[in-house]
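Residue-level structure breakdown
Each chain, written out:
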Amino acid sequence: MHQRIELKVCMDCEKCKRNVLKSVAKFSGVDQVSADLEKHTVVVVGDVDPVYVVKSIRKTGKIVKIVTVGPPKKPDPPTPTEPVKIAYPHPTCEPINIPYLHPVCTDVYPRYVVYEQPYPCETGGCVIQ
């Protein structure tokens, strides 16, 4: 049976945490293991017996207490987002100047002027002149 086991484990350092994680991760059927040093908790998710997990952690010399055993938390369903609304140009044509990256090029090359056409358009978009 797939379940979530939360344990209270006395851990003081990263080495303690690493030893506890190694002792739990060796079981077949363990899907996820996480440990929190600040809260002194270990969470095991998978198809594994809580008694075997506790025995394995106790072999590392740590004091263990079972907090909860139950079904794993289901991930929250994604919230639906609103569709993106595209603002189409106004029916009147207004010129849009496209600046060059280099100001030296403006003397040599002509500037482009783009006229936006109203949507829908027979040509399908903007006209560059």
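Above this text you will find the structure in question.
Report on the accompanying structure. What you are looking at is a predicted structure, and each value in this text was computed from that prediction instead of being measured.

1. Topic: the overall build of the protein
- Across its full length, the protein holds three helices and seven strands.
- Looking at the protein as a whole, 22% of its 129 residues are labelled buried.
- The contacts in the protein between residues at least 6 apart in sequence include a share of 55% that link residues at least 24 apart.
- Just so you have it, the protein exposes about 10,200 Å², and 58% of that area is on carbon and sulfur atoms.

2. Focus: the nonpolar core
- The biggest cluster of nonpolar side chains holds 17 residues, and the ones touching the most others in it are L7, V9, M11, V42, V44, V53 and I57.
- Elements supplying a minimum of two residues to this core: β1 (3-9), α1 (14-25), β2 (30-36), β3 (41-46) and α2 (50-58).
- Residues in contact with V42, not counting those within four places in the same chain, are I5, E6, L7, V9, M11, V20, V33, S34 and A35.

3. Observations regarding the packing of α1 against α2
- Put simply, α1 and α2 touch, their axes get as near as 9 Å, and they point 140 degrees apart. Considering the angle they form, α1 stands oblique to α2. Crossing hand, α1 versus α2: right-handed. Across the interface between the two elements, V20, S23 and V24 of α1 pack against V53, S56 and I57 of α2.

4. Quick look at the side chain of R4
- Its location among the elements puts R4 in strand β1.
- Polar side-chain contacts of R4 include one of 3.5 Å to the side chain of E6.
- For R4, the contacting residues outside a window of four places in its chain are V43, V44, V45, T68, V69, G70, P71, P72 and K73.

5. Some remarks on α1
- An ideal rise of 1.5 Å per residue puts 16 Å on twelve residues; α1 measures up with 16 Å between its terminal C-alpha atoms.
- Contact partners of the buried residues in α1: β1, β2, β3 and α2.

6. Side note on the pairing of β2
- As defined by bridge partners, β2 adjoins β3 across six bridges and the pair is classed as antiparallel. Note on β3: the bridge partner recorded for V30 is G46.
- Counted between consecutive antiparallel strands, the loop separating β2 from β3 contains four residues, among which H40 sits at a positive phi close to 60 degrees.

Conventions used here
Chains are numbered independently. Their residues run from 1 in the order of the written sequence. With the structure being a predicted model, the display of local features is reserved for residues of pLDDT at least 70 and the display and counting of side-chain atom pairs for 80 or more, all residues being used for whole-chain, interface and lining totals. Calculated side-chain values reflect all of the structure's heavy atoms, with hydrogen atoms and water omitted. Secondary structure elements follow DSSP: runs of H or I no shorter than four residues count as helices, runs of E no shorter than two count as strands, and numbering proceeds from the N terminus. Think of it in three bands: with a 1.4 Å probe and only protein chains considered, a residue is buried below 20% of the maximum accessible area for its type, exposed above 50%, and partly exposed in between. Residues are treated as being in contact if the distance between any of their heavy atoms lies within 4.5 Å. Each accessible area is a Shrake-Rupley estimate made with a 1.4 Å probe; only the visible protein chains count as cover when residues are assessed. Residues enter a nonpolar core if they are buried and are Ala, Val, Leu, Ile, Met, Phe, Trp, Tyr or Cys, with the set joined through side-chain atoms within 4.5 Å. Simply put, an axis is a line fit to the C-alpha atoms, just over the touching stretch for a helix, and the angle between two N-to-C directions goes from 0 to 180 degrees. Every angle not falling under 35 degrees, over 145, or within 65 to 115 is termed oblique; those three ranges are roughly parallel, roughly antiparallel and roughly perpendicular. By definition, any crossing whose near helix is turned counterclockwise from its far helix by less than a right angle is left-handed, and any crossing with a clockwise turn is right-handed. Pairs of N or O atoms are called polar contacts if they sit within 3.5 Å, as long as, within protein, a hydrogen donor faces a hydrogen acceptor (for residues adjacent in sequence, only side-chain-to-side-chain pairs). Given a helix with a known number of residues, its expected span is that number minus one, times 1.5 Å. Paired strands, in this sense, are two strands between which DSSP finds at least two bridges.

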